[in-house]
Amino acid sequence: TNTAQTAAQTGTPVKLTDPAPPTKAEPQKELPIEQHVMASEYSSVTLTTAGARLLAAEIAKPEQYQAEGDLLDAFPKDSAHYPFGLGFTQNSIALRRGLVWAFVAAESTKAGETYTKVTYRHSDPGGRFEIDKVYTLDKERPYMLDLTVVVKNKLPQGVIADALALDITGYLDPSEEKSVLDMRPGGLESICRLEDDLERELFDSVENPLVFDEEPVTWGAVDKRYFLFAAIPEKSATKCVMERVDEDYLQTRIVSAEFSVPPGGAHSMKYSLFVGPKDHDRLTEVGYGLEESVDYGVLTFLCIPLRWALVLFHGWLGNWGLAII
């Protein structure tokens, strides 16, 4: 109580590990694990209250990708690292592992059997803060979702300060074996797009965390050969970290600038999420240089015009085999 009062007078942040203010904490309820589907003509994603993250993703259009099925099917069913997990880096707000969020039906929108907006909420048992994760289907851009994270200060006195981190995570199935013909079966890769550069590392190359914080971060992603999971913050992030977690996961973490929330106030952070195939034209439409996730290697100067010619001939002939010939 004294800490909160002093903080209110001096304007200094409250660390939430300090004693809680004199508010009556509601007893924690055991929340159910629920799933909610968002779908467009191009794809469908399944969200879960377990971590308020993606649980499944399937491509509906074009047909060539349908054979892949669920893009997250390789993840262990009890995984704690499905994409787009949330974290805080300054130790003021802590989200325990395995946290189940509440589904807020009154602030979600359903269209038929699927949703166009899904709101998940975590309320601090001590009544100190509340966090919303709001997913909205982007009706204009294929394979896109909008994510808004809202941190609300419920303290009667005292400022809450921290820095928000969003984790894009991929899983490399250890049972996938390499061969002479295919040295990178999963091709799992971490990408950090900085203001003036692009950094990318394969799973095996990330032995220790790699931190990029010398220039603004435009977006971060995890790439699995033909598909991409990317997060584009509305405002440039300050740090991008590549790291292997729990042995078989590769994580790209984008950390935003520190925020400060006064009593009764709120802080919002918005992201555009891409979950789909690495189609050069679609990625170009999204912008932000997202098409750079397609790595043509050292022969980029030849591959780009060849690809353009192939697409042109396919448009005329309607058959990739004939286009290649």
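Structure: see above.
Residues numbered from 1 in each chain as written. Predicted model: local features only at pLDDT ≥ 70, side-chain atom pairs only at ≥ 80, totals over all residues. Heavy atoms only, no water.

> So what exactly am I meant to see when it comes to the layout of surface pockets here?
In this approach a probe as big as a water molecule rolls over the atoms, and the regions it shows empty are the leftover space. In this structure, the second largest pocket spans a volume of roughly 670 Å³. Around the second largest pocket, the lining comprises 30 residues; the ones closest to its centre are R53, A80, R96, R97 and G98. Contributions of two or more residues to the lining of the second largest pocket are made by β4 (53-59), β5 (85-88), β12 (164-171) and β19 (249-255). In terms of residue count, β5 provides more of the lining of the second largest pocket than any other element does, 4 residues in total. Grouping the amino acids of the lining of the second largest pocket by side-chain chemistry returns 12 nonpolar, 11 polar and 7 charged. (1 Å grid on protein atoms, 1.4 Å probe; cavity = no way out; pocket = protein on both sides within 12 Å on 5 of 7 lines; lining within 4 Å. Points joined across faces, edges and corners; volume = space filled by probe spheres on them. Helix = DSSP H or I, 4+ residues; strand = E, 2+ residues; numbered from the N terminus. Nonpolar A, V, L, I, M, F, W, Y, C, P; charged D, E, K, R; others polar.)

> Any chance you could explain a nonpolar patch on the surface here in plain terms?
A cluster of nonpolar residues, F313, W316, L317, L322 and I325, forms a patch on the protein surface that exposes about 620 Å² of accessible area. Looking at the nonpolar patch, the element that brings in the most residues is helix α3 (residues 300-317), giving 3 residues. As for its placement among the helices and strands, F313 is situated in helix α3. (Patch = residues over 30% accessible without salt bridge, like charges linked within 9 Å, V, L, I, M, F, W, Y side chains within 5 Å. Areas by Shrake-Rupley, 256 points an atom, 1.4 Å probe, with all protein chains shown as cover. Salt bridge = Lys/Arg side-chain N within 4 Å of Asp/Glu carboxyl O.)

> What am I meant to see in the side chain of E130 here?
Mapped onto the secondary structure, E130 falls in strand β9 (residues 129-137). Under the relative-accessibility criterion, E130 is labelled buried at 13%. Here the side chain of E130 touches S123 through a polar contact of 3.3 Å, side chain to side chain. Contacts of E130, omitting those with residues within four sequence positions, involve R121, H122, S123, V150, V151, K152 and K154. (Buried < 20%, exposed > 50% of the residue type's maximum accessible area, 1.4 Å probe, protein only. Polar contact = N/O pair within 3.5 Å; in protein donor to acceptor, adjacent residues only side chain to side chain. Contact = heavy atoms within 4.5 Å.)

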